[in-house]
Amino acid sequence: MEPLDILVFGAHPDDAEIGMGGTIAKHTAAGDRVGICDLTEAELSSNGTVQLRKKEAEAASAELRLSYRSNLGLPDRGIVQTADQLDRIVMEIRKCKPRLVFAPYWIDRHPDHIACSRIVEEAVFNAKLRNYKPELGKAVTVQELLFYYINDCQDVTLLVDVSDHYEQKRQALRAYRSQFDLSATDNAVETPLTGGYLERVEARDALLGGPKGMVFGEGFATKKPYPVNLF
């Protein structure tokens, strides 16, 4: 396949949209090829079904104009660093050949988000090793690995102005009605996502952007210095 500019990993469908939907929309509007890889089908979600979540992810992908989306079908609440799981992510990176990779921030209230962060970091490292399982594809060196925020937000080191693309983020998140809207499905139950969660995400993005004169900003973290040309 044609290489991606950006590949975003999430534990569940909607993780990437919550954390960096505006940044994705900004890059696709600029002509970049952006993809999302969901590690699980979120089959343990309290609301919605796997089939419904797939349809919602397709709708969100269309809103963000993604070039690619995949789901590795790893077990929900079962992301562990086995050789098989790690190698499936390595193979995904080598197939997509992204310039940048994004993963959830390494601190979060949801254990799957933490597990996703860890295994993607390992996979990015392994993917560049020429002699690491060449049957998984040709080695690929990712230029930068960055981390986006889902629930917990601290130590922001990069900030992207997404003000002009925030409506796309809103629409992409609204595609996941089964998760955020109690009236969307029969027998829905209250969860942390149904009690004004989207409003809190928007408030977070407004608070992050405000001090820098942005209507909305999305924050990111890095573990290594990120090179920029300011002068």
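Residues numbered from 1 in each chain as written. Predicted model: local features only at pLDDT ≥ 70, side-chain atom pairs only at ≥ 80, totals over all residues. Heavy atoms only, no water.

**Quick notes on the nonpolar core**
Okay, so step 1: Counting 33 residues, the largest nonpolar core has F9, L39, I89, I93 and V120 as its most contacted members.
Okay, so step 2: Contributions of two or more residues to this core are made by β1 (6–10), β2 (34–40), β3 (68–74), α3 (83–96), β4 (100–104), α4 (111–127) and β5 (144–148).
Okay, so step 3: When neighbours within four sequence positions are excluded, F9 is seen to be in contact with C37, L39, I89, E92, I93, V101, F102, A103, P104, C116, V120 and Y148.
Okay, so step 4: Membership of the second largest hydrophobic core comes to 30 residues, among which are V8, I36, L193 and V201. (Core = buried A, V, L, I, M, F, W, Y, C linked by side-chain atoms within 4.5 Å. Buried < 20%, exposed > 50% of the residue type's maximum accessible area, 1.4 Å probe, protein only. Helix = DSSP H or I, 4+ residues; strand = E, 2+ residues; numbered from the N terminus. Contact = heavy atoms within 4.5 Å.)

**Notes on the sheet that holds β2**
Adjacent strands of a sheet pair through backbone hydrogen bonds, lying either parallel or antiparallel.
Okay, so step 1: Taking strand neighbours across the sheet as the criterion, the seven strands line up as β3-β2-β1-β4-β5-β7-β6 in an open arrangement whose pairing is mixed. Only two strands of the sheet have a single neighbouring strand rather than two, namely β3 and β6 (158–161). On average, each strand axis in the sheet is tilted by 25° relative to the strand beside it, whichever way the strands run. (Pairing = 2+ DSSP bridges. Axes fitted to C-alpha atoms, helices over the stretch in contact; angles between N-to-C directions.)

**Structural notes on helix α5 (residues 166–174)**
Okay, so step 1: Regarding α5, the residues found buried are Y166, Q168, K169, A172 and L173. Considered in projection along α5, the buried side chains sweep an arc of 155° and stay on one side of the axis. (Arc of directions from axis to C-beta.)

**Regarding the pattern of salt bridges**
Okay, so step 1: In total, this model carries 16 salt bridges according to the counting rule given.
Okay, so step 2: K133 is the salt-bridge partner of D87, the closest N and O atoms lying 2.4 Å from each other. In this pair, D87 sits in helix α3 while K133 sits in the loop between α4 and β5, placing the two residues 46 residues apart along the sequence.
Okay, so step 3: According to the relative accessible area criterion, D87 is buried, its value standing at 10%.
Okay, so step 4: K169 is paired through a salt bridge with E218; the nearest N and O atoms lie 2.8 Å apart. (Salt bridge = Lys/Arg side-chain N within 4 Å of Asp/Glu carboxyl O.)

**So, the packing of aromatic side chains**
When we look at a pair of aromatic rings, we describe it by the centre distance and by the angle of the planes.
Okay, so step 1: Inspection of the entire model under this criterion finds six aromatic pairs.
Okay, so step 2: Judged by centre distance (4.4 Å) and plane angle (45°), the ring pair of Y105 and W106 falls under tilted.
Okay, so step 3: The class of Y105 is buried, set by a relative accessible area of 1%.
Okay, so step 4: By relative accessible area, which is 26% here, W106 ends up partly exposed.
Okay, so step 5: Each ring, one from W106 and one from F147, has its centre 4.9 Å from the other, and the planes form 90°; the classification is edge-to-face. Of this pair, W106 sits in the loop between β4 and α4 while F147 sits in strand β5, and the two are 41 residues apart along the sequence.
Okay, so step 6: Aromatic ring contacts, followed pair by pair, group Y105, W106, F147 and Y149 into a single cluster.
Okay, so step 7: Note that K223 overlies the ring of W106, its terminal NZ or CZ placed 4.8 Å from the centroid. (Phe/Tyr/Trp six-rings, centres within 6.5 Å; stacked < 30°, edge-to-face > 60°. Lys NZ or Arg CZ within 6 Å of the ring centre and 35° of its normal.)

Interpretation in functional terms is not warranted from these geometric data alone.
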